[in-house]
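Spelled out, the chains give:
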Amino acid sequence: MVQDGQAEIRDAFDAAAADFTALGRHLWEPIGAATVAVAAPRPGERVLDACCGTGASAIPAAGLVGPDGLVDAVDMSAPMVDELRRLSAGLPQLRAHAADVTTWTAESYDVVQSALGIFFFPDMTAGTDHLVSLLRPGGRAVFTIWRGESMAAAGRHLGLAIAEATNTPVPAPRPPHLVDRVNQPGGYAAWLAGRDLVDVEVTVHEMALTMTPEVAWLVITGSGFRGALAKVPEDALHTVRELYLASLRDAGVTELDATTLIGSGRRAT
Ligand SMILES: C[S@@+](CC[C@H](N)C(=O)[O-])C[C@H]1O[C@@H](n2cnc3c(N)ncnc32)[C@H](O)[C@@H]1O
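Since this is a predicted model, take the numbers as computed values, not measurements.

Caption draft 1: Focus on the nonpolar core. Within the largest apolar cluster, 64 residues are counted, with the highest numbers of intra-cluster contacts made by L27, L131, V219 and Y244. Setting aside its immediate chain neighbours within four residues, Y244 contacts A154, H157, L158, A161, M211, A216, W217 and I220. Core analysis: the next-biggest nonpolar cluster, separate from the first, contains 18 residues, A39, A62, V65 and L91 among them.

Next comes the structure, spelled out in structure tokens:
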């Protein structure tokens, strides 16, 4: 699930914000919890949660750092940040900011974590290097990405449904991206080791979503896939939904792979 263009990515998540929380229970929250379990923020620590969305990893991190700690949660989608402010009203140690985290500056952090965000950066390597540079020496970085073809089936079936409903060609596969080369544990560990990080480890977090019609459609409306619906006329949306669900059914897709790789390391210098 990677798209081109910062504005399109932001628009997609702006539109997805309302359903993002509903999908969160099934998808974002377990992945966020697994990310935070690896980062293990301690009471009083300073954490940057990059690409925070509505707080799947930022909120549990804020609970762990407690009132003497700090979580700066940064997302470029203002509706996401608004939703996070609503959800974290009782956690003053969590500060939510609407900003591009690739240019975020602050005093150094004990922990920098990002769940399912770094592959959206226009330059994934430079953006990740920037996040690592915000750590104090010895501080912990945790970056979670999709493994292999995770989530891809939903995008494929959506593409087919939109093409049929709007009588347009099936979209071409997206151009090759760095994440295609680092989306298995070995390649990811090697890439992370080139990021001024030591003690690099990659944990595989196996997960599958049961694709009830409700969840299958939320996967589209509550995620970056939402961007593909932007060009679908309002009166064709219902048809797209029905064709998408039928396409999944015909292909026998009852579960969607949502496995992630949780990469971690400590800043070397
Ligand atoms: C798939 S969501 C994940 C959100 C959250 N971390 C979670 O796991 O629920 C990706 C998020 O990255 C944000 N994002 C992408 N590029 C960004 C950037 N350069 N700066 C800040 N946020 C960004 C999007 O707006 C979106 O909310």
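Once you've had a look at it, read on.
Caption draft 2: Representation of the packing of aromatic side chains within the structure. Under the defined criterion, the tally for this structure stands at 7 aromatic pairs. The interplanar angle of 15° and the centroid separation of 6.2 Å between the aromatic rings of Y188 and W191 together place this pair among those described as stacked. Separated by 3 residues within a single helix, Y188 and W191 lie in helix α8 (residues 185–193), roughly one turn from each other. Consider the rings of W217 and Y244, whose centres lie 5.7 Å apart with planes at 55°: the pair is tilted. Remark: Y244 occurs in helix α10 (residues 237–250) and W217 occurs in helix α9 (residues 213–221); sequence separation between them is 27 residues.

Caption draft 3: Quick peek at the packing of helix α1 (residues 6–24) against α9. Following both chains from N to C, one finds α1 and α9 inclined at 140°, their axes separated by 8 Å at the closest point. The angle between the axes of α1 and α9 places the two elements in the oblique class. Once α1 is placed against α9, the crossing between them reads as left-handed. Contacts between α1 and α9 involve A16, D19, A22 and L23 from the first element and L218, V219 and T221 from the second. Class assignment of the residues belonging to the contact of α1 with α9 gives a composition of 5 nonpolar, 1 polar and 1 charged.

Caption draft 4: Region of interest: the site of the ligand. Residues in close proximity to the ligand total 20 residues, the closest being C51, D75, D100, V101 and A115. Note that a nitrogen atom of the ligand is positioned 2.7 Å from one of the backbone N or O atoms of C51. Backbone polar atom of V101 to a nitrogen atom of the ligand: 2.9 Å apart, as the coordinates give it. Contact with the protein chains hides 100% of the accessible area of the ligand, taken as 600 Å² for the molecule alone. A per-element tally of the shell around the ligand places α1 first, with 3 residues. Classifying every residue of the shell around the ligand gives 14 nonpolar, 4 polar and 2 charged.

Caption draft 5: Broad picture of the environment of M80. By secondary structure assignment, the location of M80 is in helix α4 (residues 78–87). According to the relative accessible area criterion, M80 is buried, its value standing at 1%. When the C-alpha atoms of M80 and V112 are compared, they prove to be 19 Å apart, with 32 residues separating the residues in sequence. Excluding residues that lie within four positions of it along the chain, M80 makes contacts with F13, A17, F20, G53, T54 and D75.

Caption draft 6: Region of the structure containing the pairing of strand β5 (residues 135–146). For β5, the tally of buried residues reaches 10 of 12 residues, placing the bulk of the element in the interior. As judged from the 6 bridges shared by strand β4 (residues 109–115) and β5, these two strands associate in the parallel manner. Considered in β5, the bridge of Y109 is made with L135. The parallel pair β4 and β5, bridged by helix α5 (residues 124–133), forms a crossover whose chirality is right-handed. Across 7 bridges, β5 lies against strand β9 (residues 260–267) in antiparallel orientation. Following the sheet pairing, R140 is matched in β9 by R266.

Caption draft 7: The UniProt feature "domain: Methyltransferase" (unreviewed entry) in the protein, seen in detail. Here, UniProt's "domain: Methyltransferase" (unreviewed entry) annotation points to residues 47–139. A distance of 10 Å separates the end C-alpha atoms of residues 47–139, which is 30% helix and 29% strand.

Caption draft 8: Quick peek at helix α2 (residues 28–39). If you check α2, its first and last C-alpha atoms are 16 Å apart, about what 12 residues at 1.5 Å a residue would give, namely 16 Å. Within the sequence span of α2, burial applies to W28, I31, G32, A34, T35, V36 and A39. Where α2 is buried, its residues meet α1, α3 (58–65), β4, β5, β6 (197–205) and β9. Once α2 ends, the next one or two residues include A40, with phi positive near 45°.

Caption draft 9: Focus on the environment of S264. Turning to its location among the elements, S264 is positioned in strand β9. The buried category is assigned to S264, whose relative accessible area is 14%. In sequence terms S264 and E201 are 63 residues apart; their C-alpha atoms lie 5.3 Å from each other. If we skip the residues at most four places from it in the chain, S264 touches V38, A141, V142, L192, D199, V200 and E201.

Each value, and the rule that gives it
- Residues numbered from 1 in each chain as written.
- Predicted model: local features only at pLDDT ≥ 70, side-chain atom pairs only at ≥ 80, totals over all residues.
- Heavy atoms only, no water.
- Core = buried A, V, L, I, M, F, W, Y, C linked by side-chain atoms within 4.5 Å.
- Buried < 20%, exposed > 50% of the residue type's maximum accessible area, 1.4 Å probe, protein only.
- Contact = heavy atoms within 4.5 Å.
- Phe/Tyr/Trp six-rings, centres within 6.5 Å; stacked < 30°, edge-to-face > 60°.
- Helix = DSSP H or I, 4+ residues; strand = E, 2+ residues; numbered from the N terminus.
- Axes fitted to C-alpha atoms, helices over the stretch in contact; angles between N-to-C directions.
- Parallel < 35°, antiparallel > 145°, perpendicular 65-115°, else oblique.
- Left-handed = near helix turned anticlockwise from the far one by under 90°.
- Nonpolar A, V, L, I, M, F, W, Y, C, P; charged D, E, K, R; others polar.
- Near = heavy atom within 4 Å.
- Polar contact = N/O pair within 3.5 Å; in protein donor to acceptor, adjacent residues only side chain to side chain.
- Areas by Shrake-Rupley, 256 points an atom, 1.4 Å probe, with all protein chains shown as cover.
- Pairing = 2+ DSSP bridges.
- Right-handed = clockwise from strand over helix to strand, strands pointing away.
- UniProt positions renumbered as here; feature names shortened; annotations may be inferred.
- Expected span 1.5 Å × (residues − 1).

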